[in-house]
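Chain by chain, the residues:
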Amino acid sequence: MNSIFEWVSTNAHCASSAGFEINADETANRNISSLIIGMEATGEQTVQFCAYDNSFYDVSLAQLKTMQLEIIANAQALYQGKWMLREQINAALTLDELDAVSITFNEEEVINGQTA
């Protein structure tokens, strides 16, 4: 489960209220933080942002701050899912009960032999 969680965390992405899909891993969070710091320091109104599909958008400081919160919320949801799965695995008393645990972190990443 830990290796699956690491894969999901490294490849995380989520829908943004800005109207497009964004990367939601640690690198994306760091990059957005840098853009926020740069915009606050220079007073720029917009900056180019590369979305998950590698398309570019002009985004505002407010949009970047919202995207940062969306990335944090996505990470928190992944961790909650991990902890819930850990509880299910630990509660399993038989191999059948353990096999019945479906390791799913979101709708796209079903890791029960289907996708990885």
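About the cut-offs
- Throughout this description, residue numbers start from 1 for each chain and increase along the sequence as written.
- Restriction of local features to residues with pLDDT of at least 70 applies here, the model being predicted, together with a cutoff of 80 or more for giving and counting side-chain atom pairs; totals for whole chains, interfaces and linings are based on all residues.
- In computing side-chain properties, one takes all heavy atoms of the structure into account and sets aside hydrogens as well as water.
- Secondary structure elements follow DSSP: runs of H or I of four or more residues count as helices, runs of E of two or more count as strands, with numbering from the N terminus.
- Between buried and exposed lies partly exposed: a residue is buried under 20% and exposed over 50% of the maximum accessible area for its type, with that area taken using a 1.4 Å probe on protein chains only.
- Note on definitions: a residue-residue contact is assigned when non-hydrogen atoms from the two residues lie within 4.5 Å.
- Reported accessibility uses the Shrake-Rupley method at a 1.4 Å probe radius. Residues are deemed covered only where the shown protein chains occlude them.
- Note on definitions: salt bridges are taken to be side-chain nitrogens of Lys or Arg within 4 Å of carboxyl oxygens of Asp or Glu.
- One fewer than the residue count of a helix, multiplied by 1.5 Å, yields its expected span.
- For the purpose of counting charges, residues Lys and Arg are taken to be positive, whereas Asp and Glu are taken to be negative. His and the chain ends are not included.

Peer 1: Pulling in residues and values, what's your account of the overall build of the protein?
Peer 2: Looking only at helices and strands, the protein has four helices and four strands in total. The N-to-C order of helical and strand elements in the protein reads α-β-β-α-β-β-α-α. Within the protein, buried positions represent 29% of all 116 residues. Within the protein, contacts between residues separated by at least 24 positions form 51% of all contacts whose residues are at least 6 apart in sequence. For the protein, the computed accessible surface area is about 7,300 Å², with 51% contributed by carbon and sulfur atoms.

Peer 1: How would you explain the pattern of salt bridges if you had to name every residue and give the values?
Peer 2: Taken as a whole and assessed by the stated rule, the structure comprises one salt bridge. Of the charged contacts in the structure, one is a salt bridge between E40 and K65, with a shortest N-O distance of 3.0 Å. A residue pair is termed long-range when its members are at least 10 positions apart, and E40 in helix α2 (residues 26–42) and K65 in helix α3 (residues 61–91) qualify at 25 residues. Among the residues examined, E40 registers a relative accessible area of 45% and is labelled partly exposed. The exposure class assigned to K65 is partly exposed, which follows from its relative accessible area of 37%.

Peer 1: Go over α3 with me, naming the residues and quoting the values.
Peer 2: Across its 31 residues, α3 extends 45 Å between first and last C-alpha, which sits within 8% of the 45 Å expected from 1.5 Å per residue. Buried within α3 are the following residues: L64, M67, E70, I71, N74, L78, G81, K82 and L85.

Peer 1: Summarise the environment of S16; cite the residues concerned and give the values.
Peer 2: Note that S16 resides in the loop between β1 (13–15) and β2 (21–23). Residue S16 is classed as buried on the basis of its relative accessible area, which comes to 10%. A C-alpha to C-alpha distance of 9.6 Å links S16 and A51, two positions 35 residues apart in sequence. Among residues more than four places away in sequence, those in contact with S16 are I22, M67 and E70.

Peer 1: Quick rundown of the side chain of E70? Include the residues and the values.
Peer 2: Relative to the helices and strands, E70 is located in helix α3. This buried residue, E70, is left without a salt bridge; K65 holds the nearest opposite charge, at 15 Å.

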